[in-house]
Amino acid sequence: MARQPKRRVRIKPRFYVIVTAFVGLIALAVWGIVSLIGGGPTVEWGGLATDQTVNVLIVRDEQVIQAGDYASRAEALVAEGETVTAGEAVLNLYTAGYSEKEMQNYLVVQQKIKDAQENDILKNIVDATLEDLNTRIDVKQEELSTSINQGEFDKLLRGERELAQLMEERRVYMKELTSANTTEYLEGLYQSESQLLERINATRLQATSPMDGVVSFFLDGFQNELRPDTLDQLTAGTVLNIVERLQAGETTNASTAQIAPETPLARVVNPNLWYAVMVLPAAENTLVEGQTCELSMDGYGEPLLDAQVIRVAPEGANHLVVLQLDAPIGAMVSLRKVSGHLGGNVEGFKIPLAAVMSGESGSYVTVQEDGQTQNVAIQVLASDESSAIVSPLETEGGARLAVGQKVVLP
């Protein structure tokens, strides 16, 4: 009897669909059982590194030197960025009665006195002290010439002041040296010098530093609005308005300009305490008061600076953020608006980003502890593509967040 061929069984595609669905249901059941007995994500303690581009307004701990009732001209006695002590002369201020011609006449008389002393009295006298003064004056003049040729203009004002001090020291010494052999001509020059100096001094007043610090002659008109004692009154809208006004104007050096009474002329700045003010979108701000973060300024070669968050003020879609820096102010002594980077490591409760839910009252996460499920209101401090660093918010229900709690994913 001939053997019958075996029938080939054909499996329909629907069979594979049914098997796949069945396996999926088993896997889901297993996942649920594992979750109930201790599996799945839990609340951890961790940190995330952040980096955010920001525009910063610089606020300094400073005092302003004003022109008072003097209304003609001002002359800087110290250089930009120079360190001064309280009471040190910073500016010469001249009244409207000041005469440039009298100053020129005074300098001419001084030169005539020097020529008469050297040619008529000291011609054949060698004096070691006078030789030393002349040598020091020649060296200082050579230093100034080198600074000009090399474009080191920041050294000129200090060098000119040192040269003037040396020349005054020589003038006084030469007068003492020649006093025993003075001539009638020289006495007449001394008298003219004294009269001219008296008239010049009658129109001149020295403005002194009100505090120890660093001098800056660059003023932008916002030194009254942006002070440490106004930080609590600032709003996001005010800061954005100041930024717009800054972009429309220019910073000026008032110490060399024609001045009017009460014109601000210079600032003396505390070099080790300053503030950074910024406006951040509420959705992007991860800073909270009391937190420490890192700040760096673009284009100024500054290292990362530790900053303390001393104020966060929500206002609509924005947050006003104020940072305090106890670090050398450097280039920020003369700057107001700077771009930079805000960063640092944010620490707190770490949960999966997918667990952060949004409700009518804000963000929350669902956790499970001792078989009980609860929603905990949270503030997101930082996040990346997979995790979020959060801080629990106090609520009437007393829901809490703790390391080790099971996180219920939606």
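What comes next concerns the included structure.

Cut-offs applied
- Residues numbered from 1 in each chain as written.
- Predicted model: local features only at pLDDT ≥ 70, side-chain atom pairs only at ≥ 80, totals over all residues.
- Heavy atoms only, no water.
- Helix = DSSP H or I, 4+ residues; strand = E, 2+ residues; numbered from the N terminus.
- Buried < 20%, exposed > 50% of the residue type's maximum accessible area, 1.4 Å probe, protein only.
- Axes fitted to C-alpha atoms, helices over the stretch in contact; angles between N-to-C directions.
- Parallel < 35°, antiparallel > 145°, perpendicular 65-115°, else oblique.
- Left-handed = near helix turned anticlockwise from the far one by under 90°.
- Contact = heavy atoms within 4.5 Å.
- Core = buried A, V, L, I, M, F, W, Y, C linked by side-chain atoms within 4.5 Å.
- Phe/Tyr/Trp six-rings, centres within 6.5 Å; stacked < 30°, edge-to-face > 60°.
- Pairing = 2+ DSSP bridges.
- Expected span 1.5 Å × (residues − 1).
- Arc of directions from axis to C-beta.
- Polar contact = N/O pair within 3.5 Å; in protein donor to acceptor, adjacent residues only side chain to side chain.
- Salt bridge = Lys/Arg side-chain N within 4 Å of Asp/Glu carboxyl O.

### Examining the environment of Gln368
Within the secondary structure layout, Gln368 lies in strand β15 (residues 362–369). By relative accessible area, Gln368 is classed as buried at 19%. Along the chain, Gln368 and Gln405 lie 37 residues apart, while their C-alpha atoms are 6.0 Å from each other.

### Looking at the packing of helix α2 (residues 100–121) against helix α5 (residues 184–202)
At a closest axis distance of 9 Å, the pairing of α2 and α5 adopts a crossing angle of 155°. Considering the angle they form, α2 stands roughly antiparallel to α5. Pair α2 / α5 crosses with left-handed handedness. From α2, Glu102, Met103, Asn105, Tyr106, Val109, Gln110, Lys112, Ile113, Ala116, Gln117 and Ile121 reach across to α5, where they touch Tyr185, Leu186, Leu189, Tyr190, Ser192, Glu193, Leu196, Leu197, Arg199 and Ile200.

### Let's talk about the nonpolar core
Core analysis: the biggest nonpolar cluster contains 27 residues, and Met278, Leu295, Leu323 and Leu342 have the highest contact counts within it. Elements supplying a minimum of two residues to this core: β1 (44–66), β9 (264–281), β10 (292–297), β11 (305–315), β12 (318–325) and β13 (337–352). With 5 residues, the single largest contributor to this core is β9. If we skip the residues at most four places from it in the chain, Leu323 touches Trp274, Tyr275, Ala276, Met278, Leu287, Cys293, Leu295, Ala307, Gln308, Val309 and Leu342. With 18 residues, the next largest nonpolar core counts Val59, Phe222, Leu234 and Ala236 among its residues.

### Considering the packing of aromatic side chains
Taken as a whole and judged by the stated rule, the model has 2 aromatic pairs. Where Trp45 meets Phe349, the ring centres are 5.2 Å apart and the plane angle is 85°; that geometry is what we call edge-to-face. In this pair, Trp45 is assigned in strand β1 and Phe349 in strand β13, connecting sequence segments 304 residues apart. The buried category is assigned to Phe349, whose relative accessible area is 15%. Judged by centre distance (4.3 Å) and plane angle (50°), the rings of Tyr94 and Tyr98 are tilted. Assigned by exposure class, Tyr94 and Tyr98 land together as buried.

### Observations regarding unusual backbone geometry
With a phi angle near 55°, Asp370 is a residue other than glycine that sits in the positive phi range. Checked against the element boundaries, Asp370 lands in the loop between β15 and β16 (372–383). Under the relative-accessibility criterion, Asp370 is labelled exposed at 74%.

### Quick notes on the sheet that holds strand β2 (residues 73–76)
Across the sheet, which stays open at both edges, the 3 strands sit in the order β2-β4-β5 with antiparallel pairing between neighbours. Strands with a single pairing partner mark the edges of an open sheet, and in this sheet they are β2 and β5 (204–208). Strand-to-strand, the axes of this sheet are offset by a mean angle of 25°, without reference to chain direction. With 5 bridges joining them, strand β4 (residues 89–94) and β5 adopt antiparallel strand pairing. If you follow Asn92 over to β5, its bridge partner there is Gln206.

### Observations regarding α5
With 19 residues, α5 ought to run about 27 Å at 1.5 Å a step, and its terminal C-alpha atoms sit 27 Å apart, in line with that. Residues Leu186, Leu189, Tyr190, Glu193, Leu196 and Ile200 constitute the buried set of α5. Projected down its long axis, α5 carries its buried residues within an arc of 135°, all on one side. Within α5, the exposed residues directed more than 90 degrees away from the buried face are Glu184, Gln191, Glu198 and Ala202.

### Some remarks on the side chain of Thr230
Its place among the elements puts Thr230 in the loop between β7 (218–219) and α6 (236–248). Take Thr230: its relative accessible area is 13%, and that puts it in the buried class. At 2.9 Å, the side chain of Thr230 forms a polar contact with the backbone oxygen of Arg227.

### A word on the pattern of salt bridges
The final tally for this structure, using the stated rule, is 14 salt bridges. Residues Glu62 and Arg60 are paired through a salt bridge, measuring 3.2 Å at the closest nitrogen-oxygen approach.

### Considerations on the side chain of Arg311
Examined against the element boundaries, Arg311 turns out to sit in strand β11. Within the structure, Arg311 has its side chain in polar contact with the backbone oxygen of Leu234 (distance 2.8 Å).

### Description of the environment of Pro210
Locating Pro210 in the fold gives a position in the loop between β5 and β6 (213–216). By relative accessible area, Pro210 is classed as partly exposed at 35%. Linking Pro210 and Ala86, residues 124 residues apart in sequence, is a C-alpha distance of 5.3 Å. Pro210 has contacts with Gln63, Ile65, Ala86 and Val268, leaving out every residue within four places of it along the chain.

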